[in-house]
Amino acid sequence: MAENGKNCDQRRLAMNKEQHNGNFTDSSSMNEKKRRDREERQNIVLWRQPLITLQYFFLEVLIILKEWTSKLWHRQSIVVSFLLLLAVLIATYYVEGAHQQYVQRIEKQFLLYAYWIGLGILSSVGLGTGLHTFLLYLGPHIASVTLAAYECNSVNFPEPPYPDQIICPDEESIEGTISLWSIISKVRIEACMWWGVGTAIGELPPYFMARAARLSGAEPDDEEYQEFEEMLEHAETAQDFASRAKLAVQNLVHKVGFFGILACASIPNPLFDLAGITCGHFLVPFWTFFGATLIGKAIIKMHIQKIFVIVTFSKHIVEQMVAFIGAVPGIGPSLQKPFQEYLEAQRQKLHHKSEMGAPQGENWLSWMFEKLVIVMVCYFILSIINSMAQSYAKRIQQRLNSEEKTK
């Protein structure tokens, strides 16, 4: 009888082992298939498969338009209310009257805020694939204001043409010297809208995506979220620096909460997308995440990076950098000349506003920066096309996988 019990235990252990091996085999084959599907999607880019990429892109656009049309159709009351409000605003804008001075003032402020908020959203949206609008727009704007402030000895630039163009005022500031705080105050709105509101809104997609995936229990569609879940599974065996850094951010946000999110948002942090995914995955309340992100970016991070740009482009630092370039053996003077010409041209523009429309020789630094802006904008557009084409390819793969499971 004891021998029969022993045999039963052995058979049970053998069956459990076979089941475990089968589950392990199924899991490994499933992971291998996911890896192959991911590699196949990553090959769908314009420079490798242009026709297929464009076809998938337009099909994905049609699907998105259909989904949004369906959502709007089921929210007809909201759509009608929005259209009525829009009609009232249009009538107010075009009807003549004493209110037009207030309309023009509101329009000016609204366009200013929308411009910088939009650039901030573009810079952070898309899980790190956004357009780096700080290097292209906000950074150069703060640098231009700083250089102009030291040259004009004032920040009271005439409006208009400021902020589109900067020219020195007719009278210099009473203080006689320009202060760091006056420059900070001059660019506070632009920086707050970009760093604070814009980039904070741009961080919401990873949060909502991870939160929806956790609540629904469905397989996540996003590559970053899949990597995040894999990282949680292999947290104890992580060895490389990148994995440890990601785990440190995840632990800080998950365990510390509001102040952990605040700390991650307050410093230049390329892993902040992971903080949004972590908050969504662990169902951190929306206002806890967004409030900490907004405070960290709009108050702390904004002033840190803004002061850095202002100090870097202050008059004596710029003069020292140009002198340092000229001290480079052999090629120094030839490299220094275009920088000196560019700075001199900017000074002339600031002081001779009547000559702003006169044709001038284009400096090669300005030419290169304009081409850099064009290249980065084109790359951003290409990344959107590739990303949407890969999203459609993933739809096809998911449909094929579901059909295989039903067979």
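The name given to the chain in an unreviewed UniProt entry is Vacuole membrane protein 1, and the organism recorded there is Loxodonta africana.

A. Molecular detail of the overall build of the chain. Counting its secondary structure elements, the chain contains 16 helices and zero strands. Looking at the chain alone, contacts between residues at least 24 apart form 70% of all its contacts between residues at least 6 apart. For the chain, the accessible surface area stands at approximately 26000 Å², while carbon and sulfur atoms represent 64% of it.

B. Looking closely at the packing of aromatic side chains. What the rule picks out here adds up to 16 aromatic pairs. Judged by centre distance (5.3 Å) and plane angle (45°), the rings of Phe134 and Trp195 are tilted. Remark: Trp195 occurs in helix H7 (residues 188-202) and Phe134 occurs in helix H5 (residues 133-152); sequence separation between them is 61 residues. An aromatic cluster of three or more residues is present, and its members are Tyr207, Phe208, Phe286, Trp287, Phe289 and Phe290. One cation-aromatic arrangement involves Lys71 over Trp68; the distance from NZ or CZ to the ring centre is 5.2 Å. If you follow Lys186 out to its NZ or CZ, it ends over the ring of Tyr162, 4.6 Å from the centre.

C. Up close: the packing of helix H4 (residues 100-124) against H7. Axis separation between H4 and H7 bottoms out at 7 Å; the angle between their running directions is 45°. Judged by the inter-axis angle, H4 sits oblique to H7. Seen along the crossing, H4 lies across H7 with a hand that is right-handed. Contacts between H4 and H7 involve Leu112, Tyr113, Trp116, Ile117, Leu119, Gly120, Ile121, Ser123 and Ser124 from the first element and Ile189, Glu190, Met193, Trp194, Val197, Gly198, Thr199, Ile201 and Gly202 from the second. For the contact of H4 with H7, a count of residues per class yields 11 nonpolar, six polar and one charged.

D. Expanded view of the packing of H7 against helix H13 (residues 286-312). Running from N to C, H7 and H13 point in directions that differ by 140°, and their axes come no closer than 8 Å. Handedness of the crossing formed by H7 with H13: right-handed. Of the residues in H13, those in contact with Arg188, Ala191, Cys192, Trp195, Gly196, Val197, Thr199, Ala200 and Ile201 of H7 are Phe290, Thr293, Leu294, Lys297, Ala298, Lys301, Met302, His303, Gln305 and Lys306. For the contact of H7 with H13, the per-class residue count stands at 10 nonpolar, five polar and four charged.

E. Quick look at the environment of Pro285. Summarising the element assignment, Pro285 is placed in the loop between helix H12 (272-281) and H13. A relative accessible area of 49% means that Pro285 is categorised as partly exposed. Counting along the chain gives 74 residues from Pro285 to Arg211, while the straight-line C-alpha distance between them is 9.9 Å.

F. Examining a nonpolar patch on the surface more closely. A cluster of nonpolar side chains, contributed by Phe82, Leu83, Leu86, Ile90, Tyr93 and Tyr94, occupies part of the molecular surface with about 630 Å² of accessible area. Within the secondary structure layout, Tyr94 lies in helix H3 (residues 76-94).

G. Structural view of the state of the cysteines. For the structure on display, the rule yields one disulfide. Each sulfur in the disulfide pair Cys152 and Cys168 lies 1.8 Å from the other. When the S-S torsion is -70°, as for the bridge of Cys152 with Cys168, the disulfide is left-handed. Taken together, the residues Cys152 in helix H5 and Cys168 in the loop between H5 and helix H6 (180-186) connect sequence positions 16 residues apart. Assigned by exposure class, Cys152 and Cys168 land together as buried.

H. Representation of the pattern of salt bridges. A complete count under the given rule lists three salt bridges for this structure. A salt bridge links Arg395 to Glu67; the nearest nitrogen and oxygen atoms lie 3.7 Å apart. Taken together, the residues span a long stretch of sequence, with Arg395 in helix H16 (residues 364-406) and Glu67 in helix H2 (residues 50-73) at a distance of 328 residues. Two residues, Glu203 and Lys297, come together in a salt bridge whose shortest N-O distance is 3.8 Å. With a gap of 94 residues between them, Glu203 in the loop between H7 and helix H8 (204-216) and Lys297 in helix H13 connect regions that are remote in the sequence. For the residue pair Glu203 and Lys297, the accessibility class agrees, reading buried in each case. Among the charged side chains, a network of salt bridges with common partners joins Glu60, Glu67 and Arg395.

I. Up close: the UniProt feature "transmembrane region" (unreviewed entry) in the chain. The feature "transmembrane region" (unreviewed entry), as given by UniProt, occupies residues 46-65, 77-95, 115-138, 274-295, 307-328 and 372-389 in the numbering adopted here. Helix makes up 82% of residues 274-295 and strand 0%, with an end-to-end C-alpha separation of 18 Å. Secondary structure across residues 307-328 comprises 82% helix and 0% strand; the distance between its end C-alpha atoms is 28 Å.

J. Representation of the environment of Lys33 within the structure. By the secondary structure assignment, Lys33 is in helix H1 (residues 2-42). Lys33 sits in the partly exposed class, given a relative accessible area of 27%. The spacing of Lys33 and Asn401 is 368 residues in sequence and 10.0 Å in space, taken between C-alpha atoms.

K. Quick look at unusual backbone geometry. For Asn153, which is not a glycine, the phi torsion comes out positive at approximately 60°. Structurally, Asn153 is set in the loop between H5 and H6. Residue classification places Asn153 among the buried positions, given a relative accessible area of 14%. A positive phi angle, close to 55°, is found at Leu283, a residue other than glycine. Inspection of the secondary structure assignment puts Leu283 in the loop between H12 and H13. Given a relative accessible area of 34%, Leu283 falls into the partly exposed group.

Criteria and thresholds
- Residues numbered from 1 in each chain as written.
- Predicted model: local features only at pLDDT ≥ 70, side-chain atom pairs only at ≥ 80, totals over all residues.
- Heavy atoms only, no water.
- Helix = DSSP H or I, 4+ residues; strand = E, 2+ residues; numbered from the N terminus.
- Contact = heavy atoms within 4.5 Å.
- Areas by Shrake-Rupley, 256 points an atom, 1.4 Å probe, with all protein chains shown as cover.
- Phe/Tyr/Trp six-rings, centres within 6.5 Å; stacked < 30°, edge-to-face > 60°.
- Lys NZ or Arg CZ within 6 Å of the ring centre and 35° of its normal.
- Axes fitted to C-alpha atoms, helices over the stretch in contact; angles between N-to-C directions.
- Parallel < 35°, antiparallel > 145°, perpendicular 65-115°, else oblique.
- Left-handed = near helix turned anticlockwise from the far one by under 90°.
- Nonpolar A, V, L, I, M, F, W, Y, C, P; charged D, E, K, R; others polar.
- Buried < 20%, exposed > 50% of the residue type's maximum accessible area, 1.4 Å probe, protein only.
- Patch = residues over 30% accessible without salt bridge, like charges linked within 9 Å, V, L, I, M, F, W, Y side chains within 5 Å.
- Salt bridge = Lys/Arg side-chain N within 4 Å of Asp/Glu carboxyl O.
- Disulfide = S-S within 2.5 Å.
- UniProt positions renumbered as here; feature names shortened; annotations may be inferred.

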